[in-house]
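Here is what each chain is made of, one letter per residue.
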Amino acid sequence: MKTFDELFAELQDRARTRPEGSATVAALDAGVHAQGKKVLEEAGEVWIAAEHESDEQLAEEISQLLYRLQVIMLGRGLSLEDVYRYL
Ligand SMILES: N=c1c2ncn([C@@H]3O[C@H](COP(=O)(O)OP(=O)(O)OP(=O)(O)O)[C@@H](O)[C@H]3O)c2ncn1[C@@H]1O[C@H](COP(=O)(O)O)[C@@H](O)[C@H]1O
C-alpha cells in the first residue's frame, strides 16, 4: 500500500536511475503524445468501470489513471506542489 506522494517519489527515482524493465522509464521515453493517450485510455476505463463494474475493478482503474497522471507530470517536469497549489 502506498500514497499518491509515495508513488510520485518512487517514479521520480525511476526517472533518475532508469532501472532495466521499468514501466515508468518506458512510458517516459515514449513521449508526451503516448503519455496523453494513456491518460485518456485510463480515464475511459474509469468511466466504464464506474457505470458497469465492481468497486474493486473501479478502484484498480482509478489507481492506473493516477499512475498515468503522474507519468505525464514527470514527463513535463511538474512537481506535486505545482498541482497541489490548485487543489
Ligand atoms: N502503479 C503502477 C502502474 N499502473 C499501471 N502501470 C502500467 O500500465 C500497464 C497497464 O496498463 P494497460 O491497462 O494500458 O495495459 P497494457 O496496454 O497491456 O500496457 P502496456 O502494453 O501499454 O504497457 C502495466 O502493465 C504497467 O506497465 C503501472 N506501472 C507501474 N506502477 C507502479 O509504479 C512503480 C514503478 O514501476 P516501474 O517503473 O515498473 O518500476 C511501482 O510501484 C509500480 O507498482
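Residues numbered from 1 in each chain as written. Predicted model: local features only at pLDDT ≥ 70, side-chain atom pairs only at ≥ 80, totals over all residues.

## Quick word on the nonpolar core
To keep it simple, the criterion reads: One nonpolar core equals one set of buried Ala, Val, Leu, Ile, Met, Phe, Trp, Tyr and Cys residues connected by C-beta atoms within 7 Å. Any residue surrounded by 20 or more other C-beta atoms within 10 Å of its C-beta is treated as buried, while 12 or fewer makes it exposed and the intermediate range makes it partly exposed; C-beta atoms here are placed from the backbone. Working definition: helices are DSSP H or I runs of at least four residues, strands are E runs of at least two. Numbering for both runs from the N terminus. Throughout, a pair of residues is in contact if the C-beta atoms placed from their backbones lie within 7 Å.
By size, the foremost hydrophobic cluster in this structure holds five residues: Phe8, Leu11, Ala27, Leu28 and Val71. Every element with two or more residues in this core is listed here: α1 (4-17) and α2 (23-29). Beyond its immediate stretch of four places on either side in the chain, Leu28 contacts Ala15, Val71, Leu74 and Gly75.

## Quick word on α1
The condition is simple: Between the first and last residue of a helix there are one fewer steps than residues, each counted as 1.5 Å, and that sum is the expected span.
With 14 residues, α1 extends 20 Å from end C-alpha to end C-alpha; this agrees with the ideal 20 Å at 1.5 Å per step. At the C-terminal side of α1, Arg18 shows a positive phi close to 45°.

## Digging into the site of the ligand
For the record, the criterion: Should the C-beta atom of a residue, placed from the backbone, lie within 6 Å of a molecule or strand, that residue is near it. Polar here means any residue other than Ala, Val, Leu, Ile, Met, Phe, Trp, Tyr, Cys and Pro, which are nonpolar, and Asp, Glu, Lys and Arg, which are charged; Gly is therefore polar.
For the ligand, the full set of nearby residues is Glu10, Leu11, Arg14, Ser22, Ala23, Thr24, Gln64 and Tyr67. Elements with a minimum of two residues in the shell around the ligand: α1, α2 and α4 (55-76). Per-element tally for the shell around the ligand: the top contributor is α1, with three residues. For the shell around the ligand, the per-class residue count stands at three nonpolar, three polar and two charged.

## Some details on the confidence of the model for the chain
We apply this condition: As a per-residue quantity, pLDDT reports the predictor's confidence and falls between 0 and 100.
Averaged over the chain, the pLDDT score is 98; the fraction of residues at 70 or greater is 100%. Among the prediction metrics, the complex's ipTM stands at 0.88, with pTM recorded as 0.94.

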